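In case you want the letters, here they are:
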Amino acid sequence: MRWAEFGVTVRFALLAVVWGASFLFIKVGLGGLSPGQVALARVALGALALAVILLVRRRPLPRDPVLWGHLAAVSVLLCVVPFLLFSWAEQYISSGLASIFNATTPLVTMLLAAAALPEERFTPPRVLGLLLGFAGVLTIVGVWHGIDVSHQLTAQLACLGATTCYGACFVYLRRFVSPRGTDPVVVAFGQTASATVILGLLTPAIAATPVHLTVPVVASMIALGVFGTGIAYAWNTRIIAAWGAANASAVTYLTPVVGVLLGVLVLGEPVSWNQPAGALLVVLGILAAHGKLRRRRSTRAGAELADAK
């Protein structure tokens, strides 16, 4: 393996670990901060890390006010609302369960893209993928226990609300930001900086509670903001450039595994059988929606035919 390829592989592994661990960092941060304070610290530290990267690379910031308006909208959908929802939800559910719900993002994105973008119409593989993903969500929730309106159910719905925001944002990015050809790291800085301003303005309403800082809380916020929200985006950009978007998106399959394992090993969180089973259905849904299950079956059938000859 060449050094360049080895470097990309290492970044991919680190990205899976950092994004999977983000839910652990949120849970630890909630030990001394409110959900609003966790979200604010995350975007502020992420924006700071990205600002340093831009300074090192000497990348100028855009001057187009229309673009900054789009980035502000992106910051609401990609940072402000979902970060608040995940932080609030983890007061009532495990970090591992939150990471599992986060894995539904590609399926939600596909559903919203089909509704908003003519070129992303439904196809049989996508319909199959959405059905498998929906079955996975029902399995994770454990609908056979009945619908008990509680904080835990509301928290799970909040996680789905966060992934819906992610899906809507990716569609928005594709329609209004991507065609402009702006550097991805500049876009990431713009959205995290805008989110910092927005959450800063909302601080009197959502983040004015007392703060109880400890070493684990501070370390978790630094890791969540600098690495999980800042540097990780730069890593992801490198991986997409080297491997392509489709292969880079495979990190989605690994983050819930990392999230669940860290929740069990570090925090001693319990895991019921339906949570990993539902996560497996969600991953199968993502694979089916991208036609990868069909291709693998076709490849296997072709190999068997060749052996028969």
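What you see is a predicted model, and the numbers here were worked out from it, not measured in a lab.

*Asks:* Looking at this structure, how should I read the overall build of the protein chain?
*Replies:* Tallying secondary structure elements over the protein chain gives 13 helices and 0 strands in all. When the elements of the protein chain are put in sequence order from the N terminus, they spell out α-α-α-α-α-α-α-α-α-α-α-α-α. Each of the 309 residues in the protein chain was classed as buried or not, and the buried ones make up 45%. Taking all contacts inside the protein chain whose residues are at least 6 apart in sequence as the whole, residues at least 24 apart take part in 89%.

*Asks:* Whenever I open this one, the packing of aromatic side chains confuses me. Can you help?
*Replies:* Centre-to-centre distance and the angle between the planes together describe a pair of aromatic rings. Overall, the coordinates contain 4 aromatic pairs when judged by the stated rule. Of the aromatic side chains, those joined through ring pairs into one cluster are Phe23, Phe86 and Tyr166. Just above the ring of phenylalanine 83 sits the side chain of arginine 42; from NZ or CZ to the centre is 3.7 Å.

*Asks:* Help me understand the packing of helix 5 (residues 105-116) against helix 12 (residues 274-289) in this model?
*Replies:* Axes are the key here: two packed helices are described by the angle between their axes and the distance separating the axes. Interhelical geometry of helix 5 versus helix 12 gives an angle of 45° and a closest axis separation of 9 Å. The angle between helix 5 and helix 12 falls in the class oblique. Relative to helix 12, helix 5 is oriented so that their crossing is left-handed. Of the residues in helix 12, those in contact with Pro106, Leu107 and Met110 of helix 5 are Val282, Gly285, Ile286 and Ala289. Of the residues belonging to the contact of helix 5 with helix 12, the class tally is 6 nonpolar, 1 polar and no charged.

*Asks:* Whenever I open this one, the pattern of salt bridges confuses me. Can you help?
*Replies:* Once their charged atoms are close, side chains differing in charge can pair, the charge on each being opposite to the other. Per the counting criterion, the structure on display carries 2 salt bridges. Note that arginine 59 is salt-bridged to aspartate 183, the shortest N-O span being 2.2 Å. Of this pair, arginine 59 sits in the loop between helix 2 (35-57) and helix 3 (65-89) while aspartate 183 sits in the loop between helix 7 (151-177) and helix 8 (184-206), placing them 124 residues apart in sequence. Take aspartate 183: its relative accessible area is 23%, and that puts it in the partly exposed class. With a shortest N-O distance of 2.8 Å, aspartate 64 and arginine 180 are connected by a salt bridge. Of this pair, aspartate 64 sits in the loop between helix 2 and helix 3 while arginine 180 is found in the loop between helix 7 and helix 8, placing the two residues 116 residues apart along the sequence.

*Asks:* Honestly, the side chain of serine 75 in this entry has me stumped. Any pointers?
*Replies:* Among the secondary structure elements, serine 75 is positioned in helix 3. Apart from the residues lying within four places of it in its own chain, the contact partners of serine 75 are Val80, Gln191, Ser194, Ala195 and Ile198.

*Asks:* Mind showing me how you'd approach the nonpolar core here?
*Replies:* Here is a general trend for soluble globular proteins: nonpolar side chains tend to be buried in one another's company. Formed by 51 residues in total, the largest nonpolar core has its most connected members in Val38, Phe86, Ile93 and Cys159. Top contributing element to this core by residue count: helix 3, with 9 residues. If we ignore the near neighbours within four places in the chain, the residues touching cysteine 159 are Phe86, Ala89, Ile93, Ala98 and Phe101. One finds Ala47, Ile53, Val185 and Ala193 within the second-largest nonpolar core, a separate group that totals 10 residues.

*Asks:* Honestly, the confidence of the model for the protein chain in this entry has me stumped. Any pointers?
*Replies:* Any region with low pLDDT has predicted coordinates that should not be read closely. Confidence in the prediction of the protein chain, expressed as mean pLDDT, is 84, and 86% of residues score 70 or more. Across residues 297-309, where pLDDT falls below 50, the model places 0 contacts with residues more than four positions away in sequence or in other chains.

*Asks:* In this structure, what is going on with the packing of helix 6 (residues 124-141) against helix 12? I would like to understand it.
*Replies:* In the contact formed by helix 6 and helix 12, the axes pass within 7 Å of each other and the chain directions differ by 170°. Classed by the angle they form, the pair helix 6 and helix 12 counts as roughly antiparallel. For the pair formed by helix 6 and helix 12, the contact residues are Pro125, Arg126, Leu128, Gly129, Leu132, Gly133, Ala135, Gly136, Val137, Thr139, Ile140 and Val141 on the first element and Asn274, Gln275, Ala277, Gly278, Ala279, Leu281, Val282, Leu284, Gly285, Ala288 and Ala289 on the second. Per-class residue counts for the contact of helix 6 with helix 12 are 14 nonpolar, 8 polar and 1 charged.

*Asks:* Looking at this structure, I do not really get a nonpolar patch on the surface. What am I missing?
*Replies:* Together, Val257, Leu261, Val264, Leu265, Val266, Leu267 and Val271 line one region of the surface with nonpolar side chains, adding up to about 600 Å² of accessible area. Exposure remark for leucine 265: the relative accessible area of 70% places this residue in the exposed category.

*Asks:* What am I meant to see in helix 2 here?
*Replies:* Because an α-helix packs 3.6 residues into every turn, residues spaced three or four apart end up facing the same way. Look at helix 2: 33 Å from first C-alpha to last across 23 residues, which is about the 33 Å you get at 1.5 Å a residue. One or two residues past the end of helix 2 sits arginine 58, with phi positive at roughly 60°.

*Asks:* So what exactly am I meant to see when it comes to the environment of glycine 268 here?
*Replies:* Considering the arrangement of structural elements, one finds glycine 268 in the loop between helix 11 (251-267) and helix 12. Counting along the chain gives 174 residues from glycine 268 to serine 94, while the straight-line C-alpha distance between them is 9.8 Å.

*Asks:* Sorry, what's going on with the environment of tyrosine 253 here?
*Replies:* Mapped onto the secondary structure, tyrosine 253 falls in helix 11. Exposure remark for tyrosine 253: the relative accessible area of 18% places this residue in the buried category. Along the sequence, tyrosine 253 and alanine 103 sit 150 residues apart, while their C-alpha atoms lie 7.2 Å from each other.

The rules we used
In this numbering scheme, every chain counts its residues from 1 along its sequence in written order. Owing to the predicted nature of the model, reporting of local features is limited to residues with pLDDT of at least 70; listing and counting of side-chain atom pairs is limited to 80 or more, with chain, interface and lining totals taken over all residues. Neither water nor hydrogens contribute to the side-chain values; these are computed over all heavy atoms in the structure. Helix and strand definitions follow DSSP, with helices as H or I runs of at least four residues and strands as E runs of at least two, each counted in order from the N terminus. Exposure categories follow from relative accessible area, calculated using a 1.4 Å probe and restricted to protein chains: below 20% of the type maximum is buried, above 50% is exposed, and the middle band is partly exposed. Any pair of residues with heavy atoms lying within 4.5 Å of one another is described as a contacting pair. Here the aromatic set is Phe, Tyr and Trp, taking the six-membered ring for Trp, and pairing holds for ring centres within 6.5 Å; pairs whose planes are under 30 degrees apart are stacked, those over 60 apart are edge-to-face, and all others are tilted. Two conditions define a charge sitting above a ring: the NZ of Lys or the CZ of Arg must be within 6 Å of the ring centre, and it must be within 35 degrees of the ring normal. To get an axis, fit a line to the C-alpha atoms, keeping to the stretch in contact for a helix; angles then go from 0 to 180 degrees between the N-to-C directions. Oblique is the label for any angle not under 35 degrees, not over 145, and not in the 65 to 115 range, which are roughly parallel, roughly antiparallel and roughly perpendicular in turn. Crossing chirality is assigned from the near helix's rotation relative to the far helix, an anticlockwise turn below a right angle marking it left-handed and a clockwise turn marking it right-handed. Classification used: nonpolar for Ala, Val, Leu, Ile, Met, Phe, Trp, Tyr, Cys and Pro, charged for Asp, Glu, Lys and Arg, polar for all others including Gly. Every case where a carboxyl oxygen of Asp or Glu lies within 4 Å of a side-chain nitrogen of Lys or Arg is listed as a salt bridge. To form a nonpolar core, buried Ala, Val, Leu, Ile, Met, Phe, Trp, Tyr and Cys residues must be joined to one another through side-chain atoms within 4.5 Å. pLDDT measures the predictor's confidence residue by residue and takes values from 0 up to 100. Here the term patch refers to residues with relative accessible area over 30% and no salt bridge, with like charges joined within 9 Å and nonpolar side chains (Val, Leu, Ile, Met, Phe, Trp, Tyr) within 5 Å. We get accessible surface area from the Shrake-Rupley algorithm with a probe of 1.4 Å; when it comes to residues, only the shown protein chains can shield them. Multiplying 1.5 Å by the residue count of a helix minus one yields the expected span of that helix.

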